[in-house]
Amino acid sequence: MTALSGTGTASSGAVLVEPARTAARPRRIVVVAPLRYPIAEPHAGGLESSVWHQVRVLRSRGHQVLLCAVEGSDHLRGGPAEFSLPAVHWDDPADATDSTYPDGYLDVAVPALHRALDWIRDHSDEIDVVENHSLSGHVLSRAGELGVPVVSTLHTPTLPDLLEHHRAGVEPRSAFLAVSEHTAAVWRAEGVEARVLPNAVDTDLWPLGPGGDDLVWTGRIVPEKGPHLAIEAARLAGRRIVLAGRVGDVDYHESMVVPLLGADAEHVGPLRQPELAELVGRSACALVTPCWEEPFGLVIAEALSTGTPVASFATGGVPEVVGSSIGAGLVARDDVAGLAHLAAGLAAEASTTPGFRRRVRADALARFSLHRRAEVVEEVHEALVAGHLTGAGRARALLAPEAVA
């Protein structure tokens, strides 16, 4: 089938350094991405980055993968026209946020998503499994009618739209993965069981860095990520800070971040992955300042992969990502003074202790391998395919909630 012939890498030219281990049984997979932003560099956020890498690595392992995502995304070549969805466009950039849509956008985007789901239903005999990363509940409400098993990854706290659509669907409903035990527990309280499969990074693309004098903060410039608190902490620590990331809330950026910028606090905007990895790798310490129940904290894994220590607020799934790393520490949410003290100590230790950064990276390599995660994803796919052939009960048993090391 021509539509499922794509196995190439992304158009950005990223190269896998780690040898790809070809899957024992290549599968035909459709990956449904979130609406709103393209799955392309510079990534709009951690969710978009995770989906981009998931497609790339699955293809590198021999699977035939189609991406359903908004126009402008990488990996769309070779797929049906129905899989290119409308992207968000703001008439006035000052109105842009990551939590709302322009007037009329959903009136166009939701029907387009349904046409993509119709294509999956009509070609179900050509597909083995659907991976759903969308934050739109329509994929969940239609999972049982697509004729192909669906697994949805929970990247966020519970969202009413997702819960309502999931409950409205018919069997066989979607199976679920969660990016952290914290996230799984939040959804479990609403009756949704999920197996824990943490996010991962391509550690080959986040190489060991030399460190430096400046602090660094990376992520979306939105209130829940708290970059203004990172600037305040850096000043208390007596260090310059560089912020990198896309502005996801213009009002917040203009009122809370821009007034704090200056010679000791610079915002360099969104960076492509190689430039971002270079910036993080030449930094003394990364600050992570979530002001919400962070589901995972991909920027922590990225920084630790470069050997750069991390000082973070302890929220949501962040403690799970920090783990027992010698290069990461936690303070209570909003404890700016404590964060400054922690960052200063980690930066000093990294600069004076021989081999410190290498040990930090070694731990990250062991815990955040993207290829190891892909192996588990393949196991999940196999369980779903087996369940689809023999009955939903078998798939549910094989996908029993459990943490994946």
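Everything numeric here is computed off the predicted structure, so don't read it as measured data.

When helices and strands are counted, the protein chain shows 14 helices and 13 strands. Its C-alpha atoms give the protein chain a radius of gyration of 21 Å, within 12% of the compact-globule value 22 Å for 405 residues. Expressed as lengths along the three principal axes of its C-alpha atoms, the size of the protein chain is roughly 60 × 45 × 40 Å. For the protein chain, with 405 residues in total, the buried portion stands at 57%. Counted over contacts in the protein chain with a minimum sequence separation of 6, partners at least 24 positions apart contribute 72%. Element-wise, carbon and sulfur atoms account for 54% of the exposed surface of the protein chain, whose accessible area totals about 15,800 Å². Positive and negative side-chain charges in the protein chain, numbering 34 and 51 respectively, have mean positions lying 7 Å apart.

Between the first and last C-alpha of helix H1 (residues 46-60) there are 21 Å, a value that for 15 residues agrees with the 21 Å anticipated at 1.5 Å per step. Summarising burial for H1: 13 of the 15 residues are buried, a large majority. Taken from the residues just after H1, Gly62 is the one with a positive phi, measuring 100°.

Across the protein chain, the average pLDDT comes to 91, with 90% of residues at or above 70. Ignoring residues within four places in sequence, the model shows residues 401-405, a span with pLDDT below 50, making 12 contacts including any to other chains.

For the rest of this paragraph, the subject is helix H7 (residues 250-257). Those residues of H7 that sit buried are Val250, Tyr252, His253 and Val257. Taken end-on, H7 shows its buried residues confined to a sector of 165°, consistent with a single buried face. For H7, the secondary structure elements touched by its buried residues are helix H6 (227-237) and strand E10 (265-267). A distance of 3.2 Å separates the backbone nitrogen of Asp251 from a side-chain oxygen at the start of H7, and that oxygen is part of Asp249.

It is worth spelling out the nonpolar core at this point. Counting 29 residues, the largest nonpolar core has Trp206, Ile300, Leu304, Val310 and Phe368 as its most contacted members. With 5 residues, helix H9 (residues 298-305) is the single largest residue contributor to this core. Sequence-distant contacts of Ile300, defined by excluding residues within four places in its chain, comprise Val288, Val310, Ser312, Val318, Val321 and Val322. Counting residues in each nonpolar core, the second largest holds 27 residues, with Leu66, Leu85, Leu117 and Val139 among its members.

Moving on, we come to the pattern of salt bridges. In total, this model carries 26 salt bridges according to the counting rule given. With a closest N to O distance of 3.7 Å, Arg272 and Glu41 form a salt bridge. Within this pair, whereas Arg272 is found in the loop between E10 and helix H8 (273-281), its partner Glu41 is found in the loop between strand E1 (28-32) and H1, the two being separated by 231 residues in sequence. A salt bridge links Asp264 to Arg235; the nearest nitrogen and oxygen atoms lie 2.8 Å apart. Taken together, the residues Asp264 in the loop between H7 and E10 and Arg235 in helix H6 connect sequence positions 29 residues apart. Each of the salt bridges in this network shares a partner with another, and the network as a whole consists of Arg25, Arg27, Arg28, Asp128 and Glu382.

Our next topic: the sheet that holds strand E8 (residues 215-218). Taken in spatial order, the 6 strands make up an open sheet running E10-E9-E8-E11-E12-E13, and their pairing is parallel. In the strand order of this sheet, the two ends are held by E10 and strand E13 (328-331), each with one partner. Averaged over all pairs of adjacent strands, the angle between their axes in this sheet comes to 20°, without regard to strand direction. One ladder, built from 2 bridges, connects E8 with strand E11 (residues 285-288); its direction is parallel. Looking at E11, one finds that Leu215 is bridged to Cys285. Contacts between H9 and the sheet are confined to E8, E11, strand E12 (310-313) and E13, with E12 contributing the most and set at about 165° to the helix.

The grouping of Asp91, Asp92, Asp95, Asp103, Asp251 and Glu254 at the surface amounts to a negative patch. For Glu254, the position within the fold is in helix H7. The class for Glu254 is partly exposed, based on a relative accessible area of 46%.

Below, the discussion takes up the packing of H6 against helix H11 (residues 336-352). Where H6 meets H11, the axes come as close as 8 Å, and the angle between the chain directions of the two elements is 55°. With respect to each other, H6 and H11 are oriented oblique. Read as a crossing pair, H6 and H11 show a hand that is right-handed. Between H6 and H11, the residues in contact are Leu229, Glu232, Ala233, Leu236 and Ala237 and Val336, Ala337, Leu339 and Ala340, respectively. Residues belonging to the contact of H6 with H11 are distributed by class as follows: 8 nonpolar, no polar and 1 charged.

Attention shifts here to the side chain of His133. Structurally, His133 is set in the loop between strand E4 (129-132) and helix H3 (138-142). Looking at His133, its side chain comes within polar contact range of the side chain of His155, at 2.9 Å. Discounting chain neighbours no more than four positions away, the residues touching His133 are Val31, Val32, Pro34, Leu47, Val51, Thr153 and His155.

About the thresholds
- Residues numbered from 1 in each chain as written.
- Predicted model: local features only at pLDDT ≥ 70, side-chain atom pairs only at ≥ 80, totals over all residues.
- Heavy atoms only, no water.
- Helix = DSSP H or I, 4+ residues; strand = E, 2+ residues; numbered from the N terminus.
- Rg over C-alpha atoms; globule rule 2.2 N^0.38 Å.
- Buried < 20%, exposed > 50% of the residue type's maximum accessible area, 1.4 Å probe, protein only.
- Contact = heavy atoms within 4.5 Å.
- Areas by Shrake-Rupley, 256 points an atom, 1.4 Å probe, with all protein chains shown as cover.
- Lys, Arg positive; Asp, Glu negative; His and termini not counted.
- Charge placed at Lys NZ, Arg CZ, Asp CG, Glu CD.
- Expected span 1.5 Å × (residues − 1).
- pLDDT = per-residue confidence, 0-100.
- Arc of directions from axis to C-beta.
- Polar contact = N/O pair within 3.5 Å; in protein donor to acceptor, adjacent residues only side chain to side chain.
- Core = buried A, V, L, I, M, F, W, Y, C linked by side-chain atoms within 4.5 Å.
- Salt bridge = Lys/Arg side-chain N within 4 Å of Asp/Glu carboxyl O.
- Pairing = 2+ DSSP bridges.
- Axes fitted to C-alpha atoms, helices over the stretch in contact; angles between N-to-C directions.
- Patch = residues over 30% accessible without salt bridge, like charges linked within 9 Å, V, L, I, M, F, W, Y side chains within 5 Å.
- Parallel < 35°, antiparallel > 145°, perpendicular 65-115°, else oblique.
- Left-handed = near helix turned anticlockwise from the far one by under 90°.
- Nonpolar A, V, L, I, M, F, W, Y, C, P; charged D, E, K, R; others polar.

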